[in-house]
Amino acid sequence: MVRARKYVVKKKFDGVPKRDDYEIVEYELPPIQNGDILVKTEWISVDPYQRAYHDRYPIPYDQFGFQVGIVEDSKNPKFPVGTRIVSHRGWCDYSIINLNDGNKTSFDITYKLPDLKGLPISHAIGAVGMVGATAYFGFLEICKPKAGETVVVTGAAGGVGSLVGQIAKIKGCKVIGFAGTDDKVQWLEKELGFDKAFNYKTVDARKALKEAAPNGIDCYFDNVGGELSSIIMNQMNNFGRVSVCGSISVYNEDFSQLPKAPIVQVDIVMKQLKVEGFLVPRWLNRFPEAFSDIVNWIQSGQLKAKEHVTEGFENIFDTFVAMLSGENTGKAVVKL
């Protein structure tokens, strides 16, 4: 018998998640049955959507999320002992998975570790995982960038945003990023090759954009929402494209009383903008395409996949809250 631990959400979040909203539950796993695999978790991902999706689940629920694990026992010939897999089993140190159950939700995803060609295993929940696919398809499929165009990315120093900006540079675009600290601004410009980056907390965004993008903005990858997004959309060119990935600026707010934002519909209509939201499982059957390109870009030095690594099962919650407040640079992951 294997003794396992998992994080269970036992209270509705009120603003920023609190430690006593969770309970770490210890329990014994049953013996595996035909078709089952027993997986020991090695890496766990913390991501903004885990806060955004909170209200979709009845309390209590097991905290969901992506992880990398290794098969320790198997009664499924397709997944022998020693196989590494990526799954959405969340914040737990062991799990039993039956691949014959089928996908219960759009994020109930399990697949073998992609061919990382020697890159760190943790990349499978980052640049070569859901985060990388989000950046790759959310930007390329919705914005459809052309060489020479100007691209703006918010949340640019996070796991997704930092990849979007680099992919835009690979495609020959001028890239402007917004982040929350001066150190992140320096990292975006000096390390990742953004043409310009700004600290949204200290800069006049409207003025800064007029100077950095005097000919307007063609593509906008929106991770944050709020007033900053409205300012950016106001300076877009005719037939500009907006990919709405998230709205982290309001994830900790009461969704029944969201803050007001400037009107954007006038700009959308008069400039004939395309504004499209997305969930990355839309392209699940094409994930290998994204992973192959991203691995090749990392190996060639065209793309850097920075990770913010924390160790320890007991530190998952603190890493999650720190990520929501923007303390990470690059993809936040936890090593077990």
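Residues numbered from 1 in each chain as written. Predicted model: local features only at pLDDT ≥ 70, side-chain atom pairs only at ≥ 80, totals over all residues. Heavy atoms only, no water.

Enquirer: Mind showing me how you'd approach the environment of K184 here?
Expert: With respect to the helices and strands, the residue K184 is situated in helix α4 (residues 182-190). The sequence separation of K184 and E327 amounts to 143 residues, and the corresponding C-alpha distance is 10.0 Å. The contacts of K184, once residues within four sequence positions are left out, are A157, A179, G326, E327, N328 and T329. (Helix = DSSP H or I, 4+ residues; strand = E, 2+ residues; numbered from the N terminus. Contact = heavy atoms within 4.5 Å.)

Enquirer: What's the story with the packing of helix α5 (residues 205-212) against helix α6 (residues 226-234) in this structure? I'm lost.
Expert: Geometry of a packed helix pair, given as the angle between the helix axes and the separation of the axes. Put simply, α5 and α6 touch, their axes get as near as 10 Å, and they point 35° apart. The chirality of how α5 crosses α6 is right-handed. Contacts between α5 and α6 involve A205, R206 and L209 from the first element and L228, I231, I232 and N234 from the second. Taken together, the residues of the contact of α5 with α6 sort by class into five nonpolar, one polar and one charged. (Axes fitted to C-alpha atoms, helices over the stretch in contact; angles between N-to-C directions. Left-handed = near helix turned anticlockwise from the far one by under 90°. Nonpolar A, V, L, I, M, F, W, Y, C, P; charged D, E, K, R; others polar.)

Enquirer: How do you make sense of empty space enclosed by the protein when you look at a structure like this?
Expert: Regions of empty space are outlined by a rolling probe, equal in size to a water molecule, passed over the atoms. This structure, assessed with the given rule, holds one cavity of 30 Å³ or more. What the largest cavity holds in volume is close to 70 Å³. Looking at the lining of the largest cavity, the element that brings in the most residues is helix α3 (residues 159-170), giving three residues. Considered class by class, the residues forming the lining of the largest cavity number four nonpolar, six polar and three charged. (1 Å grid on protein atoms, 1.4 Å probe; cavity = no way out; pocket = protein on both sides within 12 Å on 5 of 7 lines; lining within 4 Å. Points joined across faces, edges and corners; volume = space filled by probe spheres on them.)

Enquirer: Can you walk me through the sheet that holds strand β2 (residues 22-29) in this structure?
Expert: Within a sheet, each strand pairs with its neighbour through backbone hydrogen bonds, oriented either parallel or antiparallel. Reading across the sheet, the three strands line up as β2-β1-β4 and stay open at both edges, with antiparallel pairing between neighbours. In this open sheet, the two edge strands, each paired with only one partner strand, are β2 and β4 (61-62). Looking at chain direction, strand β1 (residues 2-9) and β2 are connected through eight bridges and run antiparallel. Bridge pairing in β2 places R5 opposite E26. (Pairing = 2+ DSSP bridges.)

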